[in-house]
Number of protein chains: 2
Amino acid sequence: MDMHDLTRVLLQKNESKIVLLVADGLGGLPLEPGGKTELETAQTPHLDALVARGICGGLIPVKPGITPGSGPGHLSLFGYDPTQYKIGRGALEATGIGFELGPNDVAARCNFCTVDAQGNISDRRAGRIPTPESSALVERLRDIKVEGVELFVEPVKEHRFVVVFRAEGLAGNVEDTDPQRTGVAPLDPVARDEPSRRTAEAARQFIAQARTILADQPKANCLTMRGFARHPHLPSYEEVYGLRAAAIAVYPMYRGLARLAGMQVVGKAQTLDEQVEVLASEWPNYDFFFVHFKYTDSTGEDGDFAGKVRRIEELDAMIPRITALKPTVLIVTGDHSTPSFLRAHSWHPVPTVLVADACRTDACRTFGERQCVQGGLGQFEGKYLMPLALANAGRLEKFGA
Amino acid sequence: MDMHDLTRVLLQKNESKIVLLVADGLGGLPLEPGGKTELETAQTPHLDALVARGICGGLIPVKPGITPGSGPGHLSLFGYDPTQYKIGRGALEATGIGFELGPNDVAARCNFCTVDAQGNISDRRAGRIPTPESSALVERLRDIKVEGVELFVEPVKEHRFVVVFRAEGLAGNVEDTDPQRTGVAPLDPVARDEPSRRTAEAARQFIAQARTILADQPKANCLTMRGFARHPHLPSYEEVYGLRAAAIAVYPMYRGLARLAGMQVVGKAQTLDEQVEVLASEWPNYDFFFVHFKYTDSTGEDGDFAGKVRRIEELDAMIPRITALKPTVLIVTGDHSTPSFLRAHSWHPVPTVLVADACRTDACRTFGERQCVQGGLGQFEGKYLMPLALANAGRLEKFGA
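All values reported here derive from a predicted model rather than from experimental measurement. (Residues numbered from 1 in each chain as written. Chains lettered and ligands numbered in written order. Predicted model: local features only at pLDDT ≥ 70, side-chain atom pairs only at ≥ 80, totals over all residues. Heavy atoms only, no water.)

J.: Help me understand the environment of I207 of chain B, please; the structure alone is not making it clear to me.
T.: Position of I207 of chain B relative to the elements: it lies in helix α7 (residues 197–214). As a C-alpha pair, I207 of chain B and A246 of chain B span 39 residues in sequence and 38 Å in three-dimensional space. (Helix = DSSP H or I, 4+ residues; strand = E, 2+ residues; numbered from the N terminus.)

J.: It is not clear to me how the interface of chain A and chain B should be interpreted in this structure. Could you clarify?
T.: With 26 residues of chain A at the interface, the matching set in chain B holds 32 residues. Carbon and sulfur atoms supply 63% of the area buried between chain A and chain B, which totals about 2,300 Å² over both sides. Interface area lost by chain A to chain B is led by R360, F399 and A401 of chain A, which between them contribute 35%. For the pair chain A and chain B, the number of links is zero salt bridges. Inspection of the chain A/chain B interface yields eight residue pairs in polar contact (both at pLDDT 80 or more). (Contact = heavy atoms within 4.5 Å. Buried area = accessible area lost by both parts, 1.4 Å probe. Salt bridge = Lys/Arg side-chain N within 4 Å of Asp/Glu carboxyl O. Polar contact = N/O pair within 3.5 Å; in protein donor to acceptor, adjacent residues only side chain to side chain.)

J.: How should I be thinking about the packing of helix α10 (residues 272–282) of chain B against helix α12 (residues 305–323) of chain B in this particular structure?
T.: Each pair of packed helices can be summarised by the angle the axes make with each other and by the distance between the axes. Residues and elements named next belong to chain B. Between α10 and α12, the least distance of the axes is 11 Å, while the angle of their chain directions is 20°. Accordingly, the angle class assigned to the pair α10 and α12 is roughly parallel. Considering the relative orientation of α10 and α12, their crossing is right-handed. Contacts between α10 and α12 involve L272, D273, V276, E277 and L279 from the former and E314, L315, M318, R321 and I322 from the latter. Here the residues of the contact of α10 with α12 sort into six nonpolar, no polar and four charged. (Axes fitted to C-alpha atoms, helices over the stretch in contact; angles between N-to-C directions. Parallel < 35°, antiparallel > 145°, perpendicular 65-115°, else oblique. Left-handed = near helix turned anticlockwise from the far one by under 90°. Nonpolar A, V, L, I, M, F, W, Y, C, P; charged D, E, K, R; others polar.)

J.: Can you walk me through the nonpolar core in this structure?
T.: Nonpolar side chains in soluble globular proteins tend to be buried together. Core analysis: the biggest nonpolar cluster contains 100 residues, and F78, Y237, F288 and F290 of chain A have the highest contact counts within it. Residue contributions to this core peak at seven residues, all from helix α12 (residues 305–323) of chain A. Non-local contacts of F78 of chain A, meaning those with residues more than four positions away in its chain, are made with L20, Y237, Y241, L257, A258, A261, M263, F290 and M386 of chain A. One finds I87, W283, C359 and L385 of chain B within the second-largest nonpolar core, a separate group that totals 88 residues. (Core = buried A, V, L, I, M, F, W, Y, C linked by side-chain atoms within 4.5 Å. Buried < 20%, exposed > 50% of the residue type's maximum accessible area, 1.4 Å probe, protein only.)

J.: How should I be thinking about the pairing of strand β2 (residues 55–60) of chain B in this particular structure?
T.: Regular strands show a simple pattern: their side chains alternate between the two faces of the sheet. Residue and element names in this part refer to chain B. Counting buried positions over the six residues of β2 gives six, a clear majority of the element. Residues I55, G57 and L59 line one face of β2 and the alternating positions C56, G58 and I60 line the opposite face, and both faces are buried. Here β2 pairs with strand β12 (residues 350–355) via five bridges, running antiparallel. Looking at β12, one finds that G57 is bridged to T352. (Pairing = 2+ DSSP bridges.)

Structural data, given as structure tokens:
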């Protein structure tokens, strides 16, 4: 069941305001069995106050046992079933650097590599060439022209960059050219279907010209392309929820993901403090606000338990400034868990609290992993969060008579 | 996954008896945060005794966040996925007045309206003409004849009535004729597909003759038609569950819904007391009994918290007479929540208790919203209730070897 088939038909507009505060990688684990998680360790008086008024649950981003990347994690929170809507690797890489993908775009992730005199790959990552050097090479690749196709070449980091092919009717079903091992030549970009032949041909021409330009570069004299992908064509927040939605995120990846869902990226905040300022100043202009806080994830990935605890407390301190705006519905959750114990994203349900007048408060009193799975929302798939938010905002009519 | 694909194959018959007691709109909300709901406020010693022996859960009628009407709410309890089986508006209106829709029927909801000398609608509801007057007009419309189509014209209330077209092969995909505003003429009934052309033509002829009959009526000289819909063709309880099922309901709507699922409507009870009498007298004749109690919903819709509490206590007092019949499985639940706080149906999970010898009792001790979502059934979609009932009645074989 696609929930949008329901929300599209049932949506009704009103004056309510919904805030979705996403602490990236919020969920955690204790360092030893029976211990406390990062969230359970943190002093969070303001989040606990939300819990006392709200309803809690354990949010399952994709399905039990499935660890999501940032793309599927956010799609799920935004209400797009991540097993149905897939953002191809190329599109995600472009989105991650803030490239605004259009409906006629196919993006590919590229690696600078080195090939020997026989044309066989000797280093698939060109010695992880430093970003300033690879950016200079990217600059030179911008001279490439392909008849009938607009090209964009954008640096990412070290050996990684993105090429976007833009032309009406391009499809993204093209084989990777990276053979995934050294000692062999890069593969040709081969179309897997008819509508992708033009994309493959454009990629072939791009690669040929790039090899000429790079021929005498000592560190990176070749490139490979992977993950050809179109714009994922998500139906917009306006269409499926009737919401004018704003995204307040510091990192390009999350701004890009929000843009794919039709949200307006607002402000130029660089800190949580500035994000909340933007929230307050844009308050009259939107119905829905996605506020993204990155550092609960990055400390988790660093294995920095104490750091993650501090970041959670930093977030907690900001809550009163959000509640002062009197949102009709306030949700605090994460796109996945990132336990510092694992130094990585994980599959564990994400502690979630939803506060609204008619939310039917449960017995939870503090914000934590073990409390939340006992909460009134139980454990639930992320794709149900938006319907719950809309219901609590009075924005969904009755289904059937 | 359609559960009927499983139950159909696994069903086995035995002497067990299942009672599904539906307190319409049972779930509620506290009037203030942290307070008690209607059910938590009510003194329910007998329901609490069931809870102590039974297993509890929070039933989600459709999907999280979705508020069901009575149709989808009951379909879900009866085990028909309400997103898969839809009862069109016309069919539901006919069902609601107790009209027994057959497989060759298309029903339309009609409004008496008034049109001015130019034929433009001046009042879409004919001044909400009193029911006795509109019933007299309905009586006159029964003279209408359409070649090859049997017609039924039935009063509902005030300006509302129902027309049923009966002929083999009629389809229901016909546009509404109500333009939804005044100052313009009613629309023509237009078929949206080939099989609906005959229905549209019959509707056109009906309307033309009706306008002649009504021409000199001062209050209602015209009509509009909406929500053309066929019989929803539910597979029957006998076919999908192997159950001889009886419905004991006071209101025509619920009798009609039960009939759509192939239940036999038994008795002419007008009170809960009489319903339980019918239950006892029909006990040997059926395997499954649906008993519908309306007033928990109507008090909720009136915003009458204390009234809803009293109605729940009234229901509670009747429980010993049901348990005295020694049902193999007794379920008490609702088709949706109707918190008096909201004065409307809502999306909140419905407190549910299932009592049977092998139910695996949980820690719940009182019947309430917050207790139930902590129960052994957790939160579950309504369509799983019937499989659980059958399992507890020993009526489902092992799946696979």
